[in-house]
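# Structure at a glance
Below, each chain spelled out in residue letters.
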Amino acid sequence: MNENAHGESSGPRATPEVSVADTITIFFSDIRGFTDTTEELGDEVANDLVREQDFIVRSHLEAYGGDVVKTQGDSFMVAFKATRGAILCAIGIQKSVAEKYSNQAGPRIAIGIGINTGEPIRQKDGDYIGGTVNLAARICAAAGPGQILVAESTRYVAGRIELRKSDGGGVVEYVDRGLHPLKGFPEPKRLFEVTWHATSGEQPAAEPALSSGDETQIAALKAAVQRAIGVLTRVLAITHMDDPGFPSLLECQEKASQLRVRFSRAGIEGRGLTAQNVLEEIQPYEDLLTLMHERDTLTDERWAQLDAAVVRVFGRTLMNAAARGRLSITMAEKPAAPAPPSEPIKERPKEPEPAPAVTPRSSVPNALAPPPLDERATSVRWWAAGYAAWSQWKPSGLAWAHALRAEIGRFPYLLSVHIRTAEDHDEGQLAGGYFLLLEHVENVCPGFMRTVFDRAVADVGVDPERLGRKLYELLVDDGRLRETYASFVRDVIQVAVPTPGMWADAGIVEHDDSTTLVSHPTRAIGDAQDDSVQLTDPQDRGAERRFLVTLEPMTTRFFYAKSGKLKTPRDVDIRLTSADVPSDRAWYLSVRDSLSGRSDPKLIPTAGVTIPNLGRDSFGVWVAVFNAHPVEVVTYELTMTVKQPRQQTAGRSVFARPGGPR
């Protein structure tokens, strides 16, 4: 299929101009081994296979709203407006192929499918070009026979998908297949395999079902699941000794928590996986644990093997942290020995298990869960809601990053509301989201949350107003929130921007021919309505944008500059002041594409900062302005300027128009 240069997006059925539209999901499919089949069986048989594929693929494209961009031999390129439609279409195709050849001998087709979501450019002839298209094509090339691989952006946009009853019911799952080096891309890309677990007896593609009467395989699966859950539980208990919000570790633990839920369900249902599948999927986690506990005794050869395995799945940053000894398990367990299977199964040799001292929070919730909410605390609503949510989450084993994304998805304005007034929003539910802040305090001061309430009562009694004020004071001072609030904001945006994204006070969207200013008509926190003003005059577009924002204590507000239809890159200047004095109380981070890639947050220097090449090196820039003072209300002025490209004067270029911009 055709691969082209980097660009922006346009939807199917667009007018014959290159223009920006909604996010598009690009789908590629082709027949695996088609050239070999043609050579072996001849053109006539190959042509019959292409016709069979054409019939199957087109029937599902029509059902799920796919727009065929072009075909080439045995390949399809398709555009979907709905990401879920693309995934469901791919599942339908693979199911139809499997059913067609289930009892048929002779030549058959095996289709590989790759899917990516982004903002490609649509050309006048209806074709799509750009990095989104190129990546989708490379993902398709990496897919094996009968396999569906999707990009990380597609997985997060699609989210949870439940199959219709007519399709057998059940849930679509995404299996993390690690980082893949792909031709034309300097950095490996994380790919997910789409599988589905039906509830009406049908099993996922490429994952053989266990026969209900095969007791040996069922026993082997249960033993493997027991071992896997023990390994994943230990991974969820890992902490970074210097940075409790270490992004690479949070992402690893999010995957571990999802995998543990999946394995737990498989162990109960006794279907959908084999023992070997389970052992293969937990191997990277076992490798990580081995590196942590045995790094000083490993041979060079074994170290190189583990290094490569961990980097492939979790990335170099986490591997470096393990190698430097910065990862530890403060609440670890010695897993129960799995029951031996009645018949040996092929599995990798187990690494020696360390013998930690204490049991992890998720395995023995009764022992390690926080104390129940004191009844006297119910009068302090913000504390009661936050503590109740924290004590429910703490023993669950759900990774902090996963819980954070879920909470920000519900309340994207969470950080913009002071913790003590959060009880007045969303019928008190917003206050529960501040369990994230309570966990931050607990990480900074282990054991703090178990004693803070009794200390507050001992100091001021149970009067709600005085008790609430004292609890907040203890969080700020003894819980070190005064000095660590900035790092808490950094950890949150590292995980939550751009997906699922934070509620923003205002933003700038830059196009080649116009600039759009976005704000909210009521200026109320959480207002979902947008007001937009479009500027076309070059002088107006290049002017400074000054955003005046007043922050309550311990709150954060967000702003952004994004590229829309932008062929020529821009530079973005950012400065922050308070009472006309330069300030560094804001994080900024650039986002490499509209759905996933992000940089590490950095504090804005007091002299300001310039982020170059908006629209080329980055899709957008987010700014998080925070007030770390526990009592004072502070007003900031954020200045953002999107620089227009410099124009050459008439004296310098024979192509400059008389009277044109200087």
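Here is what the cut-offs are and how they apply
- Residues numbered from 1 in each chain as written.
- Predicted model: local features only at pLDDT ≥ 70, side-chain atom pairs only at ≥ 80, totals over all residues.
- Heavy atoms only, no water.
- Helix = DSSP H or I, 4+ residues; strand = E, 2+ residues; numbered from the N terminus.
- Buried < 20%, exposed > 50% of the residue type's maximum accessible area, 1.4 Å probe, protein only.
- Contact = heavy atoms within 4.5 Å.
- Areas by Shrake-Rupley, 256 points an atom, 1.4 Å probe, with all protein chains shown as cover.
- Pairing = 2+ DSSP bridges.
- Axes fitted to C-alpha atoms, helices over the stretch in contact; angles between N-to-C directions.
- Parallel < 35°, antiparallel > 145°, perpendicular 65-115°, else oblique.
- Left-handed = near helix turned anticlockwise from the far one by under 90°.
- Nonpolar A, V, L, I, M, F, W, Y, C, P; charged D, E, K, R; others polar.
- Core = buried A, V, L, I, M, F, W, Y, C linked by side-chain atoms within 4.5 Å.
- Phe/Tyr/Trp six-rings, centres within 6.5 Å; stacked < 30°, edge-to-face > 60°.
- Lys NZ or Arg CZ within 6 Å of the ring centre and 35° of its normal.
- Polar contact = N/O pair within 3.5 Å; in protein donor to acceptor, adjacent residues only side chain to side chain.
- 1 Å grid on protein atoms, 1.4 Å probe; cavity = no way out; pocket = protein on both sides within 12 Å on 5 of 7 lines; lining within 4 Å.
- Points joined across faces, edges and corners; volume = space filled by probe spheres on them.

### What about the overall build of the protein?
Of the regular secondary structure elements, the protein holds 19 helices and 24 strands. Looking at the protein as a whole, 54% of its 662 residues are labelled buried. Of the contacts made within the protein by residues no fewer than 6 positions apart, 71% connect residues no fewer than 24 positions apart. Looking at the protein as shown, the accessible area adds up to about 29,900 Å², and 49% of this sits on carbon and sulfur atoms.

### With respect to the sheet that holds strand E15 (residues 531–535)
The 7 strands are arranged E15-E14-E13-E17-E23-E20-E21 in an open sheet whose pairing can be described as mixed. On the outer flanks of this sheet lie E15 and strand E21 (602–603), each paired with one strand and no other. Examined bridge by bridge, strand E14 (residues 515–519) and E15 share 5 bridges and lie antiparallel to one another. Bridged to Thr 516 within E15 is Gln 534. Packed onto the sheet, helix H18 (residues 481–496) meets strand E17 (555–563), strand E20 (586–591) and strand E23 (620–627) and runs at close to 150° relative to E23.

### Some points on the packing of helix H12 (residues 381–393) against helix H15 (residues 435–444)
How two helices sit against one another is set out by the angle between their axes and by the gap between those axes. Running from N to C, H12 and H15 cross one another at 70°; their axes reach a closest spacing of 8 Å. Between H12 and H15, the crossing angle belongs to the class labelled roughly perpendicular. As H12 runs across H15, the sense of the crossing is right-handed. Where H12 approaches H15, its residues Trp 383, Gly 386, Tyr 387, Ala 389, Trp 390 and Trp 393 are matched on the opposing element by Phe 435, Leu 438, Glu 439 and Glu 442.

### A few points about the packing of helix H13 (residues 400–410) against H18
Between H13 and H18, the least distance of the axes is 10 Å, while the angle of their chain directions is 80°. Taken together, the axis directions place H13 and H18 in an arrangement best described as roughly perpendicular. On H18, the residues that touch Trp 400, Ala 401, Leu 404, Arg 405 and Ile 408 of H13 are Phe 488, Asp 491, Val 492, Val 495 and Ala 496. Among the residues forming the contact of H13 with H18, the class breakdown is 8 nonpolar, no polar and 2 charged.

### Re the nonpolar core
Membership of the largest hydrophobic core comes to 69 residues, with the highest contact counts inside it found for Trp 383, Trp 400, Leu 471, Met 502 and Trp 622. Among the elements that make up this core, the one with the highest residue count is H18 (9 residues). Setting aside chain neighbours within four positions, we find Leu 471 in contact with Val 380, Trp 382, Trp 383, Val 452, Phe 453 and Ala 456. Counting residues in each nonpolar core, the second largest holds 39 residues, with Ala 220, Val 225, Cys 252 and Leu 279 among its members.

### Some thoughts on the packing of aromatic side chains
Inspection of every chain in the model, using the stated rule, returns 11 aromatic pairs. Seen in terms of ring centroids, Trp 382 and Trp 383 are 6.0 Å apart; in terms of plane orientation they differ by 90°. Their pairing is edge-to-face. Trp 382 gets classed as buried once you look at its relative accessible area, which sits at 4%. Residue class for Trp 383 comes out buried when judged on its relative accessible area of 2%. An aromatic cluster is defined as three or more aromatic residues linked by ring pairs; in this entry it consists of Trp 382, Trp 383, Tyr 387 and Trp 390. Seen from the ring of Phe 192, Arg 155 lies directly overhead, with NZ or CZ sitting 6.0 Å from the centre. In this structure, Lys 562 is placed above the aromatic ring of Tyr 560, and the distance from its NZ or CZ to the ring centre is 4.4 Å.

### Quick word on the environment of Asp 617
Within the fold, Asp 617 resides in the loop between strand E22 (609–614) and E23. Judged by relative accessible area, Asp 617 falls into the partly exposed class, the value being 44%. Linking Asp 617 and Arg 570, residues 47 residues apart in sequence, is a C-alpha distance of 9.9 Å. Of the polar contacts made by the side chain of Asp 617, one reaches the side chain of Arg 616; its length is 3.5 Å.

### Regarding the environment of Glu 483
Of note, Glu 483 is situated in helix H18. On the accessibility criterion, Glu 483 (57% relative accessible area) is exposed. A C-alpha to C-alpha distance of 10.0 Å links Glu 483 and Pro 630, two positions 147 residues apart in sequence. Among the polar contacts made by the side chain of Glu 483, one reaches the side chain of Arg 480 at a distance of 3.1 Å.

### Details of empty space enclosed by the protein
Within the structure shown, the criterion is met by 3 cavities of 30 Å³ or more. A volume near 50 Å³ is recorded for the second largest cavity. In terms of lining residues, the second largest cavity is bounded by Glu 152, Tyr 156, Phe 192, Glu 251, Glu 254, Lys 255 and Gln 258. When residues in the lining of the second largest cavity are grouped by element, the largest group, 4 residues, is from helix H7 (residues 247–269). Here the residues of the lining of the second largest cavity sort into 2 nonpolar, 1 polar and 4 charged.

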